[in-house]
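# Observations on the three-dimensional arrangement
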Protein chains: 4
Amino acid sequence: MFISETKVRVRYAETDKMGYVYYGNCAQYYEVGRVEALRKLDSSYKALEDSGIMMPVIQLIINFKKPALYDDILTIKTIIKEKPGVKIKFYYELYNEMNVLINQGETILAFVHQNTMKPCNCPQWFNDLFIDFDLKECFERTNIKKNNSV
Amino acid sequence: MFISETKVRVRYAETDKMGYVYYGNCAQYYEVGRVEALRKLDSSYKALEDSGIMMPVIQLIINFKKPALYDDILTIKTIIKEKPGVKIKFYYELYNEMNVLINQGETILAFVHQNTMKPCNCPQWFNDLFIDFDLKECFERTNIKKNNSV
Amino acid sequence: MFISETKVRVRYAETDKMGYVYYGNCAQYYEVGRVEALRKLDSSYKALEDSGIMMPVIQLIINFKKPALYDDILTIKTIIKEKPGVKIKFYYELYNEMNVLINQGETILAFVHQNTMKPCNCPQWFNDLFIDFDLKECFERTNIKKNNSV
Amino acid sequence: MFISETKVRVRYAETDKMGYVYYGNCAQYYEVGRVEALRKLDSSYKALEDSGIMMPVIQLIINFKKPALYDDILTIKTIIKEKPGVKIKFYYELYNEMNVLINQGETILAFVHQNTMKPCNCPQWFNDLFIDFDLKECFERTNIKKNNSV
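A few points on the structure.

Cut-offs applied
Residues numbered from 1 in each chain as written. Chains lettered and ligands numbered in written order. Predicted model: local features only at pLDDT ≥ 70, side-chain atom pairs only at ≥ 80, totals over all residues. Heavy atoms only, no water. Contact = heavy atoms within 4.5 Å. Buried area = accessible area lost by both parts, 1.4 Å probe. Salt bridge = Lys/Arg side-chain N within 4 Å of Asp/Glu carboxyl O. Polar contact = N/O pair within 3.5 Å; in protein donor to acceptor, adjacent residues only side chain to side chain. Helix = DSSP H or I, 4+ residues; strand = E, 2+ residues; numbered from the N terminus. Nonpolar A, V, L, I, M, F, W, Y, C, P; charged D, E, K, R; others polar. Pairing = 2+ DSSP bridges. Least-squares fit on C-alpha atoms with pLDDT ≥ 70 in both. Buried < 20%, exposed > 50% of the residue type's maximum accessible area, 1.4 Å probe, protein only. Axes fitted to C-alpha atoms, helices over the stretch in contact; angles between N-to-C directions.

A separate point is the interface of chain A and chain B. Taken together, the contact between chain A and chain B spans 26 residues of the former and 26 residues of the latter. Between chain A and chain B, roughly 2,100 Å² of surface is buried when both sides are summed, and carbon and sulfur atoms account for 57% of that area. The tally of links between chain A and chain B comes to two salt bridges. The tally of links from chain A across to chain B stands at 14 residue pairs in polar contact (both at pLDDT 80 or more). Within the residue set of the side of chain A that touches chain B, elements represented by two or more residues are α1 (26-40), α2 (45-50) and β3 (57-64) of chain A. Looking at the side of chain A that touches chain B element by element, the count peaks at eight residues for β3(A). Here the residues of the side of chain A that touches chain B are counted per class, giving 17 nonpolar, five polar and four charged. By the bridge criterion, five bridges tie β3(A) to strand β3 (residues 57-64) of chain B in an arrangement that is antiparallel. By the bridge assignment, Ile62(A) is partnered in β3(B) with Leu60(B).

Encoded structure:
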């Protein structure tokens, strides 16, 4: 199990008339969560795209428990439980500044060839990132290398 | 069962680098779908808010099957299967211009008092909209009254 | 002078905590306005992209006068005053349901080759759309042909 | 003159079909820039709202020079040149990772009473933040206090 934590501050643009974050915008927070998770695995979504692989989301589930407030710094916990194959699944937990779980969800992404748009296995080099999967923890890793995430 | 159909044209703003609609933006299409569904029921989400009731989304599920393309006119089919109580559930099917199902999903919304933010039953007048629920069909209705949806 | 009018209903997603449309989202309304203006000229932004031309925005100006409200049907008036060359300029006026001007603005877009990303003149066939420029009025045109804008 | 620098990483959600950041999304980056600028002045936009003052944007100008790329860490330079009165003006410069200026712009925001929505002067305590205006530099300040911006 690989766990990554990222922080994001709620923008005014992301709120709606109700005064909280618009429900659809949590999909963006989940994106930030998984992109930073891949970066902590010494990879990046951008590197995957540059190698000709795209990863469209094929399933999104979000369970909303509490509203996300303007200007709050949210913690996005992104969890990978299984090694990737033709798909990769991410689990998410969003916490507010009081460390209260405000929503949780999951996304399944497929690996797809950029040219043919046909499904494919994830690249070998990407799969290799998960060799020591059980040992990996982002917190250890972020201690031993420069973490340039924003 | 109540079925409503609405059309929406894909904006450039809604696409992403992959060339298709960003996955999170489908939540906006679903919003358009349910808001127009309520309007066809002679109600509106705005009327509910004006009466002091808010309806936060508490669950979102989307299964993506095909990409949604720029400038396409999508058909959003919104379905209500059960009468509302403390919650209301909407089902969605999105079709492209070739009438191919591109994604389907569902949302559960809670009824909440605007002042207290406490859950509540849906207002009686809203519940009454569903009295002849089994008989109601938006297609019949849109034939007999002016449909001013955009 | 070519004038096109399009309508758009304000989505909940487009509002913010202030209760009105987020200022940055008016850029999307302007996009809808100019895309429909091109469609009424018997062209489309999509057709331009398919022919290898992209049109990045190089300048955006918006003067906000009144807030845009949730669920309102806004009228986007898009005006082209000069024939396109290496650039094309659009003027916009946004009106609410009471026909009050709520904001006005302008955008300049450049013509760019998709492959080289170098600036270029607009294609001849696009320029030809403006031959009878002074005579053209979208209102006349929309009377004589099917207007399939959403 | 007060200058503040903030960093923001480009999200996939913010790109469009052209492969770059959608022009309207730069308004969000400018929002992040000015919100962090206020925070560095020991204030916050949230504090202003909590005190009953809202700050709608009344003018937005953006001059786009280069595209903003996915996954790039952009630097938002936010500049306040004049003391606030009934309005406040922010200037912005956006730089990519190569330190190339990609766009620059400005916004004017009005001070408005939340209840009446009438224009007003900025609160005295807010004006006082600018007493030593000419001496203030965010870089000095961020050296002497904890900078908790994300």
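Next comes the rest of the description.
Moving on to the relation of the copies chain A and chain B. In this structure, two copies of a chain are linked by a rotation about an axis accompanied by a shift along it. Once chain A has been moved 0.0 Å along the axis and rotated by 180 degrees, it coincides with chain B to within an RMSD of 0.0 Å. As the rotation angle and translation indicate, the two copies are arranged about a two-fold axis. For chain A, the minimum C-alpha distance to the rotation axis belongs to Ile61(A) and amounts to 2.2 Å. Taken as a fraction of all interface residues of chain A, those also at the interface in chain B reach 100%, which identifies the copy contact as same-surface.

This brings us to the pairing of strand β1 (residues 2-9) of chain D. Within a regular beta strand, the side chains point alternately toward one face of the sheet and then the other, so they alternate between its two faces. Residues and elements named next belong to chain D. By the criterion of burial, β1 is predominantly enclosed, with six of the eight residues buried. In this sheet, strand β4 (residues 73-80) lies alongside β1 in antiparallel orientation, the contact comprising eight bridges. In the strand pairing of β4, Glu5 is matched with Lys77.

Pairing within the open sheet is antiparallel, and its 10 strands lie in the order β1(A)-β4(A)-β5(A)-β6(A)-β3(A)-β3(B)-β6(B)-β5(B)-β4(B)-β1(B). One side of each edge strand has no neighbouring strand; the edge strands of this open sheet are β1 (2-9) of chain A together with β1 (2-9) of chain B. With direction set aside, neighbouring strand axes in the sheet form an average angle of 15 degrees. One ladder, built from five bridges, connects strand β4 (residues 73-80) of chain B with strand β5 (residues 87-95) of chain B; its direction is antiparallel. Bridge pairing links Thr78(B) to Tyr92(B) in β5(B).

As a further point, take the interface of chain C and chain D. Counting from both sides, the interface comprises 26 residues of chain C and, opposite them, 26 residues of chain D. Of all residues in chain C, the largest losses of buried area upon contact with chain D belong to Met18(C), Tyr23(C) and Leu60(C), amounting jointly to 30% of the total for that side. Counting across the interface, chain C meets chain D through two salt bridges. Glu49(D) serves as the salt-bridge partner of Lys17(C), at 2.5 Å between the closest nitrogen and oxygen. Our count for the chain C to chain D interface comes out at 14 residue pairs in polar contact (both at pLDDT 80 or more). Within the residue set of the side of chain C that touches chain D, elements represented by two or more residues are α1 (26-40), α2 (45-50) and β3 (57-64) of chain C. Per-element tally for the side of chain C that touches chain D: the top contributor is β3(C), with eight residues. Along the lines of polarity and charge, the residues of the side of chain C that touches chain D split into 17 nonpolar, five polar and four charged.

Just distances and angles here, no functional claims.
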